[in-house]
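Geometric and topological summary
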Amino acid sequence: MKETKISIIGAGNVGASLGQRLIEKDFADVVMVDIVEGLPQGKALDILESGPVIGFTHCISGSNNYADTAGSDVVVITSGVARKPSMTREDLLKINTDIVSNVVKEVIKYSPSCILIVVANPVDAMTWVAYKTSGFPRNRVLGLSGALDGARLATFIALETNTPVTNVSCYVLGEHGTNMVVFPRLAKVNDKPITEILPKETIDTLVQRAINGGAEIVGLLKTSSAFYAPSAAVARMVEAIIKDTQEVLPCASVLSGEYNLQDVVIGVPVKLGKAGIIEVIDLKLTQDEINALSASAEAVRKQIISIPAI
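Residues numbered from 1 in each chain as written. Predicted model: local features only at pLDDT ≥ 70, side-chain atom pairs only at ≥ 80, totals over all residues. Heavy atoms only, no water.

**Structural notes on the overall build of the protein chain**
Secondary structure summary: the protein chain contains ten helices and 14 strands in total. The globule rule puts the C-alpha radius of gyration for 310 residues at 19 Å, and the 19 Å found for the protein chain is close to it. If you line up the protein chain on its principal axes, its C-alpha atoms span 50 × 45 × 40 Å. A total of 310 residues make up the protein chain; the buried ones form 53% of that total. Put simply, 67% of the contacts in the protein chain that link residues at least 6 apart link residues at least 24 apart. Counting every atom, the protein chain has about 13,600 Å² of accessible surface; 53% of that belongs to carbon and sulfur. (Helix = DSSP H or I, 4+ residues; strand = E, 2+ residues; numbered from the N terminus. Rg over C-alpha atoms; globule rule 2.2 N^0.38 Å. Buried < 20%, exposed > 50% of the residue type's maximum accessible area, 1.4 Å probe, protein only. Contact = heavy atoms within 4.5 Å. Areas by Shrake-Rupley, 256 points an atom, 1.4 Å probe, with all protein chains shown as cover.)

Take a look at the structure:
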């Protein structure tokens, strides 16, 4: 019987952190690939040697050769230029388009049936690049967005309300960036909307902090961007796919009529399972909320239009 296999392209902070999280869950072998010789091998060996301590039995390995990713069930693309304090996600568009398209071409040579998860920024546009480059059906290409943004907002709400974060739930939709969309009525503490708990001014502050969540960390770290929370969010997405849990998470998805949007990628709630995206969940939104989501989608569409022909 074939062993479940997950490949991570890029062994930087996000990739290596993700590799550690996944192998410690112990449901699949993990391969990390990077162009830097010795980097994925060294990090993978270091993680592997924690096995006797943690107790996992699967194998994690590093490579500079895409052939070692052959037969992967899920491939996560973290490779790309990291955002620096002076950069916006738009600044990354051209550079990372070239990187992601080349990575996808190599990946699908060896794993033509895999599911692709894109982490490289700007993630909505890069998910579109992966979708068009791969030629895969849309259910097999998705990106990290609301699973991370929602976690950030939930963290801030939990801190503000002095509530265990496990009792907080929220949806963050739209672009993964400054045009993300937060609907406060869908953010809840113990199943009660925060609009009934917190004053509007406080909610606005929490929402703005979530929108600027990535930039806040970049500003603090100076030389790198966030990786602990992003890797945790991706690990949850991967687990839902591999274990076929049918969990609903907000992810960057190619839309085909949902929310009256077509041929664009934005974060929306999706049901995840072994086929990738099993279903796009069409939330019942007010007209104002639909308008906000459409405006966010339009910001992504402008990025997509600016991408050179793939």
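**Examining the pairing of strand β14 (residues 276–280)**
Pairing analysis gives four bridges linking strand β13 (residues 262–273) to β14, with the strands arranged antiparallel. Bridging from a neighbouring strand, Lys 271 pairs with Glu 279 of β14. Where β13 hands over to β14, the hairpin turn is made up of two residues, counted between the paired strands. (Pairing = 2+ DSSP bridges.)

**Remarks on helix α8 (residues 213–221)**
Buried within α8 are the following residues: Gly 213, Gly 214 and Val 218. The buried residues of α8 all sit within an arc of 135 degrees when viewed along its axis, so they share a single face. Buried-residue contacts for α8 involve α6 (146–161) and α7 (200–211). Looking one or two places after α8, you find Lys 222, whose phi comes out positive at around 75 degrees. (Arc of directions from axis to C-beta.)

**Focus on the pattern of salt bridges**
Scanning the model with the defined rule gives eleven salt bridges in all. Put simply, Lys 200 and Asp 204 hold a salt bridge, and the shortest N to O gap is 2.7 Å. Linking Lys 200 with Asp 204, this pair stays in helix α7, spanning four residues, or about one helical turn. The partly exposed category is assigned to Asp 204, whose relative accessible area is 37%. One network of salt bridges, in which partners are shared, links Lys 25, Glu 239 and Lys 243. (Salt bridge = Lys/Arg side-chain N within 4 Å of Asp/Glu carboxyl O.)

**Section: the environment of Ile 9**
Along the chain, Ile 9 turns up in strand β1 (residues 5–9). Spatially, the C-alpha atoms of Ile 9 and Glu 106 are 10 Å apart, while their sequence positions differ by 97 residues.

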